[in-house]
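Remarks on the overall topology
What follows is the residue order along each chain.
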Amino acid sequence: MEEPLVGRMREFGTTVFATMTKLAVDTGSINLGQGFPDTDGPARMLEHAVEAIRSGRNQYPPGPGVPELRQAVSGHRKDWYGLAYDADEVLVTVGATEAIASAVLAVCEPGDEVIVFEPYYDSYGAAIALAGAVRRPVTLRVDAGRFTFDPAELAAAVGPRTRAILVNSPHNPTGTVFTRQELETVADLCQERDLIAITDEVYEHLTYDGVEHVPLATLPGMRERTIMISSAGKSFSVTGWKTGWICAPPALVRAVQTVKQFLTFTSGAPWQLAVAYALREEMDWVAAQRAALEAKRDRLMTGLQAAGFEVLRPAGTYFVQTDIRPLGFDDGLEFAMRLPELAGVVAIPTQVFYDRPERGRHFVRFAFCKKDEVIDEAVTRLQRLG
């Protein structure tokens, strides 16, 4: 029997995260691949989820999300960024991944084009394929120690069928945070060419060295054409809760909800209520977590440099990008598959996040959202590479 999977999805097999996590388990290696913390979020937030379960909030919540969370997201956008969204302009989703997929499906017809910055998070390509759309990658290249794009290359990627641009900042997997000037380039292009911006901002509160996260929707003329996406998972260390949201003008919210209601309809009420509490009351915890993660970043970078990697300093996210060529390797996939044997550590080969893998062949990504003792043991093991 011919494989039943539809043709547009055949390039998407098992995710690299599942593959490398299984490799870590099978070999007993330290997993610095997948980006999830090994500690929990704020205790009172967790208790709010327990209290919601015990108080009977266990049936379907409203499709757009519980009012408490939509109001909390609205207040958060206003307090942090000066963006005024009514609660009706907030839609709760099953994590940012569903929000991105629903947004792409909502705004793209088959054959439309979506610009993505490569390397890009792997769900982007799959969401674009599900919509029958075409991705147009613009490569982020290292310049002055950080990943950035060429404005001319970005402009050249826009064609008559371009419908949207997917902007991820702080950026996974490179750790770059787009500057205001870079975002102004994107904003100008969106307005000149009538593009919708879909912004993945899940690491919005995890920036380091005083670097500012600037939401694209705050720039002149962009609120009305931006689908702004975030979630609780990274900010509050509850990636398993899969509680995300979009903020957008009413017409775009309706478009996304029309799709989302036939994917999952709604998401778990207890987590929504707990996250609503956290957005109101636990931002000091997030600030402390950011400071702790900055120290963990520095701890891992120091160890990676001592082990012989060339290390690129991330301005945000959970991840450090490294160049493996100083160690005598030039293929990140081959290196990552051998790393458990060589050092008892698992990382992610960055080339899997490119349409043109050769452009990221020499990069490997490590996650630092782990306990200090885990980072220290991983660093000790990586010294074997020298």
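Structure shown above.
Below, the structure is looked at part by part. Please read these numbers as outputs of a predicted model, since none were measured by experiment.

Rules used in this analysis
Residues numbered from 1 in each chain as written. Predicted model: local features only at pLDDT ≥ 70, side-chain atom pairs only at ≥ 80, totals over all residues. Heavy atoms only, no water. Pairing = 2+ DSSP bridges. Helix = DSSP H or I, 4+ residues; strand = E, 2+ residues; numbered from the N terminus. Axes fitted to C-alpha atoms, helices over the stretch in contact; angles between N-to-C directions. Contact = heavy atoms within 4.5 Å. Expected span 1.5 Å × (residues − 1). Buried < 20%, exposed > 50% of the residue type's maximum accessible area, 1.4 Å probe, protein only. Phe/Tyr/Trp six-rings, centres within 6.5 Å; stacked < 30°, edge-to-face > 60°. Lys NZ or Arg CZ within 6 Å of the ring centre and 35° of its normal. 1 Å grid on protein atoms, 1.4 Å probe; cavity = no way out; pocket = protein on both sides within 12 Å on 5 of 7 lines; lining within 4 Å. Points joined across faces, edges and corners; volume = space filled by probe spheres on them. Nonpolar A, V, L, I, M, F, W, Y, C, P; charged D, E, K, R; others polar. Patch = residues over 30% accessible without salt bridge, like charges linked within 9 Å, V, L, I, M, F, W, Y side chains within 5 Å. Areas by Shrake-Rupley, 256 points an atom, 1.4 Å probe, with all protein chains shown as cover. Salt bridge = Lys/Arg side-chain N within 4 Å of Asp/Glu carboxyl O.

Regarding the sheet that holds strand β4 (residues 134-139)
- Judged by pairing direction, the sheet is mixed, and its seven strands sit side by side in the order β2-β10-β9-β8-β7-β3-β4 without closing on themselves. Only two strands of the sheet have a single neighbouring strand rather than two, namely β2 (90-93) and β4. Strand-to-strand twist in this sheet, taken as the mean axis angle between neighbours without regard to direction, amounts to 20 degrees.
- Pairing analysis gives five bridges linking strand β7 (residues 162-168) to strand β8 (residues 196-200), with the strands arranged parallel. Considered in β8, the bridge of A164 is made with I196.
- Its contacts with the sheet place helix α3 (residues 67-81) against β2, β9 (226-231) and β10 (244-247), and it is angled at close to 115 degrees to β2.
- Helix-sheet contacts for helix α4 (residues 95-107) involve β2, β7, β8, β9 and β10, and the interaxial angle to β9 is about 160 degrees.

A short note on α4
- Here α4 contains 13 residues, and its C-alpha end-to-end distance of 19 Å stays within 8% of the 18 Å for a straight helix at 1.5 Å per residue.
- Counting buried positions along α4 gives ten out of 13 residues, so the element sits mostly inside the fold.
- For α4, the set of buried residues is G95, A96, E98, A99, I100, A101, S102, A103, V104 and V107.

A closer look at the packing of aromatic side chains
- According to the stated counting rule, one finds 17 aromatic pairs in the structure shown.
- Taking the centre distance of 5.1 Å and the plane angle of 40 degrees together, the rings of F117 and F149 count as tilted. Taken together, the residues F117 in strand β3 (residues 113-118) and F149 in the loop between β6 (146-148) and α6 (151-157) connect sequence positions 32 residues apart.
- Judged by its relative accessible area of 3%, F117 is buried.
- Here the aromatic residues F17, Y120, Y121, Y124 and F353 are joined through ring pairs into a cluster of three or more.
- A cation over a ring is seen here: R365 above F319, with NZ or CZ 3.6 Å from the ring centre.
- When the ring centre of F36 is taken as reference, the NZ or CZ atom of K370 above it lies at 4.0 Å.

Examining the layout of surface pockets
- Of the volumes computed, that of the largest pocket is approximately 950 Å³.
- In terms of lining, the largest pocket is formed by 42 residues, of which the most central are T15, F17, Y121, D122 and S123.
- In terms of residue count, helix α5 (residues 122-130) provides more of the lining of the largest pocket than any other element does, six residues in total.
- Residues belonging to the lining of the largest pocket are distributed by class as follows: 20 nonpolar, 14 polar and eight charged.

Quick notes on a nonpolar patch on the surface
- A grouping of L333, M337 and V352 is seen on the molecular surface, where their side chains present a nonpolar patch of about 230 Å² in accessible area.
- Inspection of the secondary structure assignment puts L333 in helix α11 (residues 332-343).
- Look at L333 and you get partly exposed, because its relative accessible area is 37%.

Quick notes on the environment of P170
- Of note, P170 is situated in the loop between β7 and α7 (180-193).
- Not counting the four nearest positions on each side in its chain, P170 is found in contact with T176, V177, Y203, E204, T207, H213, G316 and T317.

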